[in-house]
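Below are the chains, spelled out letter by letter.
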Amino acid sequence: MTLQPDSKDLCIAVVGTGAMGRGIAQIAAQAGIAVLLHDAVAGAADKARDMLAATFDTLRQKGRMSDDAAREALQRLRVVERLDELAGAALVIEAIVEDLEVKRTLFRELEAIVAPDCVLATNTSSLSVTAIAAACAQPQRVVGFHFFNPVPLMKLVEVVDGVRGAPAVGDAMMALARRMGHVPVRAKDTPGFIVNHAGRGYGTEALRVLGENVAAPHVIDAVLREQAGFKLGPFELLDLTGLDVSVPVMESIYHQYFEEPRFRPSPLAAQRRVAGLLGRKTGEGWYRHVDGRQVPVPDAPVPDARPASVWISAARPDLASRARELLATLGVGAEGGERPSGTALCIVTPLGEDVSHCCARQGLDATRTVGLDLLFANERHRSLILSPLTSPASRDAAHGLLASDKARVSVLRDSAGAVAQRVVATIVNVGCDIAQQGIAAPADIDRAVTLGLGYPQGPLAWGDQLGAPVVLEVLNNLFALSGDPRYRASPWLRRRAELGVSLLIAEP
Ligand SMILES: NC(=O)c1ccc[n+]([C@@H]2O[C@H](COP(=O)([O-])OP(=O)(O)OC[C@H]3O[C@@H](n4cnc5c(N)ncnc54)[C@H](O)[C@@H]3O)[C@@H](O)[C@H]2O)c1
């Protein structure tokens, strides 16, 4: 293979010099690699080079590149008008339009031009690397090299092996990515690769929560930001991306996995897309946006009420003791008995169950019972879950009490797994199943998710932190109560939970 990732004489080509191709060319040139730039539109590659000249100049002015480094990086970029001028490249990375037939045609044309062992890489996000390679005489030299936007800042790159890809080609691309200052992860060619596959849990489960009328989008967002630690709530994220982009991706991945229930999209999102409520770009999505800024939705007022006495169910002793500790910090001691006294507010601490089910199972009066999600409650924000029968007086007393130290309280209608439990368990489960399918190594799955999606933790480490048996219990209860195969636990999760080992344990 002529692709020697560490060679100081390495020359690569980038075809398609839009947002992605330009970013890839930038980091290659900064890593000392000569780059040929080609675009089908006349003048587009020159424009990209001019933009990179300005970028290098800015970096120089900010002291992030020396004068010599900036000049030399620019000198490494050479625009070529014709495709046959790419003959000397050891690697061609395409970042052209996301269209299977156009990419297949380009690679077929390139095969007639480049050396027999030149590597052909595609930056596709959503197309099959295998399907692109299948158009080539030598599919073993075709590889996915999937960067994220903006390339210089998003340090992750997925190296994707097609079904007929040569392992040595993927190995060389891993090394090249490191030379370019990026963090490579290795994935088998499957819909969504790692990042867009692992990301299926967040939005789809949040949309299910909304579809069950558990809470409004801004409440679900606040819970997931402040209790689970996401930077953006799922509905804020959908508004930022736009439903015109998100809905087709959700539907495409779902169909590519032959209607896998874990990825089932929501009719709510599809309908709002049709209505033009796309998000920030149309001024209205799940939120209103004025001058590009999301208009905040005010919290419901905190009732000025307290319960006369509180009883905590001991059905989950670990969570019940957390509930007692929380109440103690609020200056309230819970009743001691096995059964609640006649008028006490009853608190249950469900794990993957809903409050109604807890009431039925434990023989509690649903009119004065509320649930608390103690897996995710913290000093800033708590989720209060109501049964369909919880009285307004019990609701207000519980709300007033839980907010008495100025914490935010989200009041949710009954929901198995509240909000944070079911969303995070879904994410962990999807991550586990990526590992189970052998799509990527456990450490690469977590790396891809933290760097590519910005989640607070990778799904496998997150499952370990919560406890694999706890996540399994949430999912098993969700599955039992809903009957929805979406919540069936991945064998990867169940086996490690049963064996008492980390979700990051790979198989030989
Ligand atoms: N934008 C993103 O967030 C993102 C992230 C990861 C991957 N990708 C993928 O990267 C690729 C490029 O995306 P982009 O956002 O840079 O697009 P873009 O529209 O900014 O740029 C594409 C460029 O390719 C050129 N082009 C189109 N067809 C061509 C052809 N046949 N030969 C040569 N040049 C051609 C266009 O003139 C344009 O300059 C797509 O496959 C996309 O799915 C995009």
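Reading the values: rules and limits
- For every chain, the first residue of its written sequence is number 1, and the numbers climb from 1 along that sequence.
- In keeping with the predicted nature of the model, local features appear solely for residues at pLDDT of at least 70, side-chain atom pairs appear and are counted solely at 80 or more, and the whole-chain, interface and lining totals rest on all residues.
- To get the side-chain values, all heavy atoms of the structure are used, and hydrogens and water are removed first.
- By definition, any uninterrupted DSSP run of H or I lasting at least four residues is a helix, any uninterrupted run of E lasting at least two residues is a strand, and each is numbered from the N terminus.
- Residue exposure (1.4 Å probe, protein chains only): buried if accessible area is under 20% of the type maximum, exposed if over 50%, otherwise partly exposed.
- Contacts: residue pairs with any heavy atoms within 4.5 Å of one another.
- Charge counting follows a simple rule: Lys and Arg are positive, Asp and Glu are negative, and His as well as the terminal groups are ignored.
- Note on charges: their place is set at NZ of Lys, CZ of Arg, CG of Asp or CD of Glu.
- Cavity and pocket criteria rest on a 1 Å grid covering protein atoms alone: a 1.4 Å probe that fits but cannot get out defines a cavity, protein on both sides within 12 Å along at least 5 of 7 lines defines an open pocket, and an atom within 4 Å of a point defines a lining residue.
- Grid points are joined across faces, edges and corners, and a volume is the space filled by probe spheres set on the points.
- All amino acids are sorted into three groups, where Ala, Val, Leu, Ile, Met, Phe, Trp, Tyr, Cys and Pro are nonpolar, Asp, Glu, Lys and Arg are charged, and the leftover types, Gly among them, are polar.
- To estimate how far a helix should extend, the number of its residues minus one is multiplied by 1.5 Å.
- Here, axes are lines fitted to C-alpha atoms. For helices the fit covers the stretch in contact, and angles between N-to-C directions go from 0 to 180 degrees.
- Roughly parallel refers to an angle under 35 degrees, roughly antiparallel to one over 145, roughly perpendicular to one between 65 and 115, and oblique to any angle outside these ranges.
- Crossing handedness: left-handed means the near helix sits turned counterclockwise from the far one by under a right angle, and right-handed means the same turn made clockwise.
- A pair of strands is considered paired only if DSSP assigns at least 2 bridges between the two.
- To be near a molecule or strand, a residue needs just one of its heavy atoms within 4 Å of it.
- Whenever two N or O atoms come within 3.5 Å, that pair is a polar contact, provided that in protein one can donate a hydrogen and the other can accept it, and provided that, for residues adjacent in sequence, both atoms are side-chain atoms.
- Under the convention used here, a 1.4 Å probe and the Shrake-Rupley method define accessible areas, while residue burial counts only the protein chains that appear.
- We define a nonpolar core as any set of buried Ala, Val, Leu, Ile, Met, Phe, Trp, Tyr and Cys residues linked to one another through side-chain atoms lying within 4.5 Å.
- For this quantity, the arc is that covered by the directions from the helix axis to the C-beta atoms.

(A) Representation of the overall build of the protein chain in the model. What the protein chain contains, in helices and strands, is 20 helices and 15 strands. When its C-alpha atoms are laid out on the principal axes, the protein chain stretches across 85 × 50 × 45 Å. In the protein chain, buried positions account for 53% of the 508 residues. For the protein chain, the proportion of contacts with a sequence separation of at least 24, taken over those separated by at least 6, is 70%. Side-chain charges of the protein chain comprise 53 positive and 57 negative groups, with the mean position of each set lying 2 Å from the other.

(B) Representation of empty space enclosed by the protein in the model. The tally for this structure, following the rule as stated, stands at one cavity of 30 Å³ or more. When its volume is computed, the largest cavity comes out at roughly 40 Å³. The wall of the largest cavity is formed by Leu375, Phe376, Gln421, Val424, Ala425, Leu466, Val470, Val471 and Val474. Only α16 (420–436) and α19 (468–482) provide two or more residues apiece to the lining of the largest cavity. Its residues placed into classes, the lining of the largest cavity shows eight nonpolar, one polar and no charged.

(C) Layout of α19. Over its 15 residues, α19 extends 21 Å from the first C-alpha to the last, a length consistent with the 21 Å expected when each residue adds 1.5 Å. Among the residues making up α19, those that are buried are Ala468, Val470, Val471, Leu472, Val474, Leu475 and Leu478. Turning to α19, the residues buried within the fold contact α16, α18 (459–466) and α20 (491–499). At the C-terminal side of α19, Gly483 shows a positive phi close to 70°.

(D) Here's a closer look at the packing of α19 against α20. Where α19 contacts α20, the axes come no closer than 8 Å and their chain directions differ by 130°. By the criterion of interaxial angle, the relationship of α19 to α20 is oblique. Where α19 crosses over α20, the two elements pack in a sense that is left-handed. Contacts between α19 and α20 involve Ala468, Pro469, Val471, Leu472 and Leu475 from the first element and Leu493, Arg494 and Ala497 from the second.

(E) Representation of unusual backbone geometry. Here Asn149 and Pro150 are connected by a cis peptide whose omega angle stands at -5°. Relative to the helices and strands, Pro150 is located in the loop between β6 (142–147) and β7 (156–161). Of note, Glu259 is a non-glycine position whose phi angle comes to about 65°, a positive value. When you line up the elements, Glu259 lands in the loop between α11 (243–256) and α12 (267–274).

(F) A look at the sheet that holds strand β3 (residues 77–79). Strand order in the open sheet formed by eight strands is β3-β2-β1-β4-β5-β6-β7-β8, and the pairing between neighbours is mixed. Since the sheet does not close on itself, it has two edges, and those belong to β3 and β8 (183–188), each with one partner. Shown here is a sheet whose adjacent strand axes are inclined to one another by a mean of 25°, direction ignored. In this sheet, strand β2 (residues 34–38) lies alongside strand β1 (residues 11–15) in parallel orientation, the contact comprising five bridges. For Cys11, the partnering residue across the bridge sits in β2 and is Ala34. Lying on the sheet, helix α4 (residues 100–111) is in contact with β1, β4 (91–94), β5 (119–122) and β6; it crosses β5 at an angle near 165°.

(G) Here's a closer look at the site of the ligand. In the vicinity of the ligand, 20 residues are found, and the nearest of them are Met20, Asp39, Glu98, Lys103 and Ser125. Ala19 is positioned such that a nitrogen or oxygen atom in its backbone is 3.1 Å from an oxygen atom of the ligand. In the model, an oxygen atom of the ligand is placed 2.8 Å from a nitrogen or oxygen of the Met20 main chain. Across the complex, the protein chains shield 70% of the 830 Å² of accessible surface that the ligand would expose by itself. Within the residue set of the shell around the ligand, elements represented by two or more residues are α1 (19–30), α4 and β6.

(H) Highlighting the sheet that holds strand β15 (residues 408–412). Taken in spatial order, the five strands make up an open sheet running β11-β12-β13-β14-β15, and their pairing is mixed. At either margin of the open sheet sits one strand with a lone partner, and together these are β11 (310–312) and β15. If you compare each strand with its neighbour and ignore which way they point, the axes differ by 30° on average. As judged from the three bridges shared by β11 and strand β12 (residues 345–348), these two strands associate in the parallel manner. Paired with Val310 across the strands is Leu345, a residue of β12. In this fold helix α15 (residues 392–402) packs onto β11, β12, β13 (369–372), β14 (381–386) and β15, with an angle of close to 170° to the strand it touches most, β14.

(I) Region of the structure containing the packing of helix α8 (residues 200–211) against α16. Where α8 meets α16, the closest approach of the two axes is 9 Å, and the angle between their N-to-C directions is 145°. Here the hand of the crossing between α8 and α16 comes out right-handed. Facing α8, whose interface residues are Gly201, Tyr202, Glu205, Ala206, Arg208 and Val209, α16 presents Arg422, Val423, Thr426, Ile427 and Val430. Taken together, the residues that form the contact of α8 with α16 break down as six nonpolar, two polar and three charged.

(J) Just the environment of Ala135, in detail. Take Ala135: it is sitting in the loop between α5 (129–133) and β6. The sequence separation of Ala135 and Arg108 amounts to 27 residues, and the corresponding C-alpha distance is 6.6 Å. For Ala135, the residues in contact, after removing those within four places along its chain, are Arg104 and Arg108.

(K) Here's a closer look at the nonpolar core. Judged by nonpolar contacts, the single largest core of 101 residues is most densely connected at Ile220, Leu224, Phe230 and Phe235. No other element matches the 10 residues that α16 contributes to this core. Grouped together as the second largest cluster of nonpolar side chains are 40 residues, Ile12, Val14, Ile27 and Ala177 included.

(L) Geometry of α11. Between its first and last C-alpha, α11 extends 19 Å over 14 residues, near the 20 Å set by a 1.5 Å rise per residue. Within α11, the full set of buried residues consists of Leu243, Ser246, Val247, Met250, Ile253 and Tyr254. The buried side chains of α11 occupy one side of the element, clustering within an arc of 140° when seen end-on. Tucked inside the fold, the buried residues of α11 contact α7 (195–198), α8, α10 (234–241) and α12. Phe258 sits one or two positions beyond α11 and adopts a positive phi of about 55°.

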